[in-house]
Amino acid sequence: MDLFSILDLSGHALTAERQRAEVVTANLANAETTRTPEGGPYVRKHVLFETDAPGGFGGALNSAIERNTRGVHVSAVVPDQTAPIKRYDPGHPDADANGFVSFPAINPTEEMVDLMSAVRSYQLNTAAISATKSMIVQSLEILR
Amino acid sequence: MSNSIQGLPLTNVDFTAAVNPTQATEPSGGFTDLLQKAVQQVDGLQNQAQTKITDVVKGNGGDLHSAMIAVEKADLSFQLMLQVRNKIVAAYQEVSRMNF
């Protein structure tokens, strides 16, 4: 693996973390949403990370030679399985016959921690990029 | 680092092709050819960086970080080319200063 493909690797990780931050932000924004186009309250979303599949024959050959260093990507954004939280609020326009309103099962604190984790991972990968960059610059210094 | 920075293969240069006058006219191989290819690849990376930056600025959905990485790659490969060029020029000057 040459140094430039390490940059690509970190780039993929950055993309994945950005998507994760996006989904978490959407969860936070919709923490109190009771109406969606699909009907019912907003459902919390999760991102699934997956290692990159080696693309084509060349990619497969490369990954076999390069000891399987692969990047990451977001394979899917899946809904949370938890049932919506019922709150008693008979005056609410979305209340059911018994006066209960379904709210998304979203804990803002949990989402904030998720968001911080995504930001930290992003930082980590930019640090990896800087490290790679300084390695390349170092090897150029040999010629000076 | 393995023996190449992406796109800039540092293969063995056949200096005999340049030294031997009978083979000098041969178009394939040779140091000039190698150098030209390297410059073209650096140019390719620069163009890539430009496209990505344009995408980001126009809002075509380009990722900011991938644009930055592309710029960084273009910069580093240019630095490599520059260093190699400096070395070649230095070697040439060294030879031209030679006393007979």
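Figured I'd write up the structure that's included with this text. (Residues numbered from 1 in each chain as written. Chains lettered and ligands numbered in written order. Predicted model: local features only at pLDDT ≥ 70, side-chain atom pairs only at ≥ 80, totals over all residues. Heavy atoms only, no water.)

### Re the overall build of chain B
Here is step 1 of the chain: Assigned secondary structure in chain B consists of three helices and two strands.
Here is step 2 of the chain: For chain B, the α and β elements follow one another from N to C terminus as β-β-α-α-α.
Here is step 3 of the chain: A total of 100 residues make up chain B; the buried ones form 19% of that total.
Here is step 4 of the chain: Put simply, of all contacts in chain B between residues at least 6 apart along the chain, 48% involve residues at least 24 apart.
Here is step 5 of the chain: By element, 58% of the accessible surface of chain B is carried by carbon and sulfur atoms, the whole surface being about 7,100 Å². (Helix = DSSP H or I, 4+ residues; strand = E, 2+ residues; numbered from the N terminus. Buried < 20%, exposed > 50% of the residue type's maximum accessible area, 1.4 Å probe, protein only. Contact = heavy atoms within 4.5 Å. Areas by Shrake-Rupley, 256 points an atom, 1.4 Å probe, with all protein chains shown as cover.)

### So, the interface of chain A and chain B
Here is step 1 of the chain: Listed as interface residues are 18 residues of chain A and, on the opposing side, 18 residues of chain B.
Here is step 2 of the chain: Counting the surface lost from both chain A and chain B, the interface buries some 1,800 Å², and carbon and sulfur atoms represent 70% of this.
Here is step 3 of the chain: Looking only at chain A, the three residues that lose the most surface to chain B are A:Phe4, A:Leu140 and A:Leu143, adding up to 38% of its buried area.
Here is step 4 of the chain: At the junction of chain A and chain B, the tally comes to three salt bridges.
Here is step 5 of the chain: For the salt bridge of A:Arg18 with B:Asp63, the shortest nitrogen-to-oxygen distance reads 2.9 Å.
Here is step 6 of the chain: Linking chain A to chain B there are four residue pairs in polar contact (both at pLDDT 80 or more).
Here is step 7 of the chain: Mapped by element, the contributors of at least two residues to the side of chain A that touches chain B are helix 1 (3–29) and helix 3 (108–141) of chain A.
Here is step 8 of the chain: Among the elements that make up the side of chain A that touches chain B, the one with the highest residue count is helix 1 of chain A (eight residues).
Here is step 9 of the chain: Grouping the constituent residues of the side of chain A that touches chain B by class yields ten nonpolar, three polar and five charged. (Buried area = accessible area lost by both parts, 1.4 Å probe. Salt bridge = Lys/Arg side-chain N within 4 Å of Asp/Glu carboxyl O. Polar contact = N/O pair within 3.5 Å; in protein donor to acceptor, adjacent residues only side chain to side chain. Nonpolar A, V, L, I, M, F, W, Y, C, P; charged D, E, K, R; others polar.)

### Considerations on the side chain of A:Ser10
Here is step 1 of the chain: Inspection of the secondary structure assignment puts A:Ser10 in helix 1.
Here is step 2 of the chain: Apart from the residues lying within four places of it in its own chain, the contact partners of A:Ser10 are A:Asn125, A:Ala128 and A:Ile129.

### Points about a nonpolar patch on the surface
All names here are of chain B.
Here is step 1 of the chain: Together, Ile-53, Val-57, Leu-64, Met-68 and Val-71 make up a nonpolar patch on the protein surface, roughly 440 Å² of accessible area in all.
Here is step 2 of the chain: Of all the secondary-structure elements, those providing two or more residues to the nonpolar patch are helix 2 (31–58) and helix 3 (64–96).
Here is step 3 of the chain: Here Val-71 shows up in helix 3.
Here is step 4 of the chain: The exposure class of Val-71 is partly exposed, given its relative accessible area of 34%. (Patch = residues over 30% accessible without salt bridge, like charges linked within 9 Å, V, L, I, M, F, W, Y side chains within 5 Å.)

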